[in-house]
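Coordinate inspection notes
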Amino acid sequence: MNQNRRHVVVGQAAPAGTSVKTCASGTVTRIEKEDRYGMIVEISHGNDLLSLYGNLAEDGLVELGEVVSRGDVIGKVGKTSPFEASGAEYLHFSMKLKGEPVDPGKHIQGL
């Protein structure tokens, strides 16, 4: 692929069907199937901070525009990411601030 992408991701091993909870309150701003991360849910936490949850099951997801609170279930771990199809089951989690990837550990604490 010969691409240089800045990417800070937490990949958490989890069996398919495991409930996925949001890291903080916010509004669901995107739900779609991506080529890289499979089925994703994106949540806006305000102040240009977004969290993204990927490799989710396609059923049982939150609704677009739904307001969620920290700890709410937003979906379940699935097997929808083609890049991880042959590997262990996992949840993809990442955050962006003003469109740039950031270390989630530095931002979750203050939410």
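One can find the structure itself at the top, above this paragraph.
First things first, this report covers the structure right here in the doc. (Residues numbered from 1 in each chain as written. Predicted model: local features only at pLDDT ≥ 70, side-chain atom pairs only at ≥ 80, totals over all residues. Heavy atoms only, no water.)

1. Focus: the packing of aromatic side chains
Operational definition: Each Phe, Tyr or Trp ring (for Trp, its six-membered ring) is paired with any other whose centre lies within 6.5 Å, and the angle between the two planes then decides the class: stacked below 30 degrees, edge-to-face above 60, tilted in between. Segments assigned H or I by DSSP are reported as helices when at least four residues long, segments assigned E as strands when at least two residues long, and all are numbered from the N terminus. Note on exposure labels: buried denotes an accessible area under 20% of the residue type's maximum, exposed denotes more than 50%, and partly exposed covers the range between, all computed with a 1.4 Å probe on protein chains only.
Enumeration according to the criterion identifies 1 aromatic pair in this entry. A centroid spacing of 5.1 Å and a plane angle of 50° characterise the contact between Y53 and F93, whose relative ring orientation is tilted. Note that Y53 is positioned in strand β5 (residues 49-56) and F93 in strand β8 (residues 90-97), a separation of 40 residues in sequence. For the pair shown, Y53 and F93 are each scored as buried.

2. Let's talk about the pairing of β8
To be explicit about the condition: A pair of strands is labelled paired if DSSP reports no fewer than 2 bridges between them.
The element β8 is largely enclosed, with a buried count of 6 among its 8 residues. In this sheet, β8 lies alongside β5 in antiparallel orientation, the contact comprising 6 bridges. Residue pairing across strands places L52 opposite S94, the latter belonging to β8. Here β8 runs beside strand β9 (residues 100-102); their pairing, made up of 3 bridges, is antiparallel. If you follow K96 over to β9, its bridge partner there is P101.

3. Structural notes on unusual backbone geometry
Of note in this structure, N47 is not a glycine but carries a positive phi near 55°. Locating N47 in the fold gives a position in the loop between β4 (38-44) and β5. Of note in the backbone geometry, K98 takes a positive phi value of approximately 55° without being a glycine. With respect to the helices and strands, K98 occurs in the loop between β8 and β9.

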